[in-house]
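# Coordinate analysis (summary)
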Amino acid sequence: MTRAPRPSLYEPLARLFAEGHARDIPDLLSDAQFARDGRATPAAVLIAITDVPDDPQVILTQRPRSMRDHPGQVAFPGGKIDPGEDAVTAALREAEEELGLPRTAVRVIGTSDLYHTGTGFIVTPVVGVVPPGLDLRPDPVEVADWFEAPLALLLDPASWTAHETFWRGANRRYLELEWQGFRIWGVTAAIIANLSRRIALEGLKNAA
């Protein structure tokens, strides 16, 4: 007997992604007001979602504390866009360099809203689907640790706690989530919050 192919998350997620990005959504999160000295370095990150329709996970990394920008923070794999690259190429290259995640394993869905960080990066999130159980081999120079967190948890606004701090002469609001000993906040949390306004959690549940 021939076994039926396993359902894929790609098609329903791509549909939800397209529907969400067809809408004009105001007041997306940004830290542009805190950027100094006119720095606006193009960067890209990969939001790699495992192809498990009933419980998709998102691959996240923890940056080494020795790094210049955002040391020790939880982040998506990614980095600066090199000359001649587009955001998708850069995100796939960085994920391969940081985690050993083969770029050929990523089914790219699309690019989401730009995020301007307070440290002067203009980040393009690239959303893609990857097979579960990849044999990831992180580069210790760029990645201190890596883990997976449930996509449904990340997209649920109720999962997050809002905080405020005084930073660079103004109050800065940020979101935070503790997951299995990892603190997800800052730029990564803001990118997820913006994506949650593009991909409806209920739509994701219905797609499972």
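Now for a description of the structure that goes with this document.

## Some words on the overall build of the protein
The helix and strand inventory of the protein stands at 5 helices and 11 strands. The buried share among the 208 residues of the protein stands at 49%.

## Details of unusual backbone geometry
One non-glycine residue, Asp27, lies in positive phi territory at about 60°. Here Asp27 lies in the loop between α1 (10-21) and β1 (41-50). By relative accessible area, Asp27 is classed as exposed at 70%. Notably, Gln180 is not glycine yet its phi reads approximately 50°, a positive angle.

## Re the pairing of β1
Judged by how many residues are buried, β1 sits mostly within the fold: 8 of 10 residues are covered. Two strands pair when backbone bridges link them, and β1 and strand β7 (residues 121-130) are joined in this way by 10 bridges, in the parallel orientation. Residue pairing across strands places Thr50 opposite Val130, the latter belonging to β7. As paired elements, β1 and strand β4 (residues 78-80) share 3 bridges and run antiparallel to each other. Within β4, the residue paired with Ala44 across the bridge is Gly79.

## Some remarks on the environment of Ile25
The topology assignment puts Ile25 in the loop between α1 and β1. A residue is classified by how much of its surface remains accessible, and Ile25, at 13% relative accessible area, is buried. Sequence separation between Ile25 and Arg197 is 172 residues, and the spatial gap between their C-alpha atoms is 7.7 Å. Excluding residues within four positions of it along the chain, Ile25 makes contact with Gly20, Arg197 and Arg198.

## Section: the packing of aromatic side chains
Summed over all chains, the structure comprises 2 aromatic pairs. Measuring from centroid to centroid gives 3.9 Å for Phe147 and Phe182, while their planes differ by 10°, and the two rings are stacked. Of this pair, Phe147 sits in strand β8 (residues 145-150) while Phe182 sits in strand β11 (residues 182-185), and the two are 35 residues apart along the sequence. For Phe182, a relative accessible area of 12% gives the class buried. Ring centres of Tyr174 and Trp185 lie 5.4 Å apart, and the angle between their planes is 65°; on these two criteria the pair is classed as edge-to-face. Of the two residues, Tyr174 is situated in strand β10 (residues 170-179) and Trp185 in strand β11; the sequence distance between them amounts to 11 residues. Here the basic side chain of Arg183 rests over the ring of Trp185, its NZ or CZ set 4.1 Å away from the ring centre.

## Let's talk about the environment of Ser196
Position of Ser196 relative to the elements: it lies in helix α4 (residues 186-196). Through-space distance from the C-alpha of Ser196 to that of Leu151 is 9.8 Å; in sequence the pair is 45 residues apart. A polar contact is formed between the side chain of Ser196 and the backbone oxygen of Ala193, at a distance of 2.6 Å.

## A word on the environment of Leu13
Looking at the element boundaries, Leu13 is found in helix α1. Sequence spacing of Leu13 and Ile49 is 36 residues, and the spatial spacing of their C-alpha atoms is 9.9 Å. Setting aside anything within four residues of it in sequence, one finds Leu13 in contact with Ile49, Ile109, Val129, Ile199 and Leu204.

## Notes on the pattern of salt bridges
In total, this model carries 10 salt bridges according to the counting rule given. The salt bridge involving Asp113 is made with Arg198; its shortest N-O contact spans 2.9 Å. In this pair, Asp113 sits in the loop between β5 (107-111) and β6 (115-116) while Arg198 sits in the loop between α4 and α5 (201-207), placing the two residues 85 residues apart along the sequence. Several salt bridges share partner residues, and in doing so they unite Asp82, Glu85, Arg93, Glu94 and Glu97 into one network.

Procedures and definitions
Residues numbered from 1 in each chain as written. Predicted model: local features only at pLDDT ≥ 70, side-chain atom pairs only at ≥ 80, totals over all residues. Heavy atoms only, no water. Helix = DSSP H or I, 4+ residues; strand = E, 2+ residues; numbered from the N terminus. Buried < 20%, exposed > 50% of the residue type's maximum accessible area, 1.4 Å probe, protein only. Pairing = 2+ DSSP bridges. Contact = heavy atoms within 4.5 Å. Phe/Tyr/Trp six-rings, centres within 6.5 Å; stacked < 30°, edge-to-face > 60°. Lys NZ or Arg CZ within 6 Å of the ring centre and 35° of its normal. Polar contact = N/O pair within 3.5 Å; in protein donor to acceptor, adjacent residues only side chain to side chain. Salt bridge = Lys/Arg side-chain N within 4 Å of Asp/Glu carboxyl O.

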